Amino acid sequence: MKKIFCILTALTLLLSACSGSKSGSVTFRATVLEINDGYYLVEPVEGSAELKSADQITVPMKNMAPSPEPEAGDILEIEYDGYIAESYPAQISNVYSVRVVE
C-alpha cells in the first residue's frame, strides 16, 4: 500500500510539473520608453518591485494582445516568469502576455 501511495504521489507531481501552467507568473506595469526591432525598452512604474531591480528593462515583442499597438509613453501590463537578467538594461525573456493599459 505504501508503495502504491508513493507511485501515485510521484505521478501527480510529475503531471503537475508538465501541465504548462503559469502559476508562477508575475505581472507588472511599465512605461514604454522606446520601441525597437523586436523588443520594447520600458521603465517599471513607481512602486513596482521590478523598479527595485532595474530602471530600464527590455521586453521582447511576443504574446502581444491584438490591439491597440503600443507607442512610446503608453503603460503596458507585462506578465512574465518572474526572472530578470541582471544586465543594463535588464532583460526579460519569458513573456506570457503584454497589453496596453493606458
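Reading the values: the criteria
- Residues numbered from 1 in each chain as written.
- Predicted model: local features only at pLDDT ≥ 70, side-chain atom pairs only at ≥ 80, totals over all residues.
- Heavy atoms only, no water.
- Helix = DSSP H or I, 4+ residues; strand = E, 2+ residues; numbered from the N terminus.
- Buried < 20%, exposed > 50% of the residue type's maximum accessible area, 1.4 Å probe, protein only.
- Lys, Arg positive; Asp, Glu negative; His and termini not counted.
- Salt bridge = Lys/Arg side-chain N within 4 Å of Asp/Glu carboxyl O.
- Polar contact = N/O pair within 3.5 Å; in protein donor to acceptor, adjacent residues only side chain to side chain.
- Contact = heavy atoms within 4.5 Å.
- Phe/Tyr/Trp six-rings, centres within 6.5 Å; stacked < 30°, edge-to-face > 60°.
- Pairing = 2+ DSSP bridges.

**Student:** I tried to follow the side chain of E50 on my own but got confused; where do I start?
**Tutor:** With respect to the helices, strands and loops of the structure, E50 is situated in helix α2 (residues 49-53). No salt bridge is formed by the buried E50; its nearest oppositely charged neighbour, K52, is found at 9.3 Å. One polar contact links E50 to S48, side chain to side chain, over a distance of 2.8 Å. Once residues within four sequence positions are removed from consideration, E50 is found in contact with V26, F28, P44, I57, Y80 and I84.

**Student:** I would appreciate a short explanation of the environment of A54 in the present structure.
**Tutor:** Inspection of the secondary structure puts A54 in the loop between α2 and β3 (57-60). In the structure, A54 is positioned 30 residues away from I84 in sequence and 8.9 Å away in space, judged by C-alpha atoms.

**Student:** How should I be thinking about the packing of aromatic side chains in this particular structure?
**Tutor:** Aromatic ring pairs: the centre-centre distance and the angle between the two ring planes describe each pair. Evaluation of the coordinates by the stated rule reveals one aromatic pair. Their ring planes at 85 degrees and their centres at 5.5 Å tell us that F28 and Y80 sit as a pair that is edge-to-face. Here Y80 lies in strand β4 (residues 75-80) and F28 lies in strand β1 (residues 26-36), a separation of 52 residues in the sequence. Judged by its relative accessible area of 2%, Y80 is buried.

**Student:** I would appreciate a short explanation of unusual backbone geometry in the present structure.
**Tutor:** Among all residues save glycine, negative phi is the norm, and among peptide bonds the norm is trans. Cis geometry marks the peptide bond from Y88 to P89, where omega comes out at -5 degrees. Looking at the secondary structure, you find P89 in the loop between β4 and β5 (90-91). Residue N63 is not a glycine yet carries a positive backbone phi of 60 degrees. By the secondary structure assignment, N63 is in the loop between β3 and β4. In this structure N63 comes out as partly exposed when scored by relative accessible area, which is 43%.

**Student:** When you look at the pairing of strand β2 (residues 39-44) in this model, what are you seeing that I'm missing?
**Tutor:** A regular strand carries its side chains on alternate faces of the sheet. Looking at chain direction, β1 and β2 are connected through six bridges and run antiparallel. Directly across from T31, in β2, lies its bridge partner E43. The antiparallel hairpin formed by β1 and β2 contains two residues in its connecting segment, where G38 sits at a positive phi of about 95 degrees.

**Student:** Even after reading the chapter, I still don't get the sheet that holds strand β6 (residues 95-100), so can you show me in this structure?
**Tutor:** In a beta sheet, neighbouring strands are held together by backbone hydrogen bonds and run either parallel or antiparallel to one another. Strands sit in the order β5-β3-β2-β1-β4-β6 across an open sheet of six strands; the sheet is mixed. On the outer flanks of this sheet lie β5 and β6, each paired with one strand and no other.

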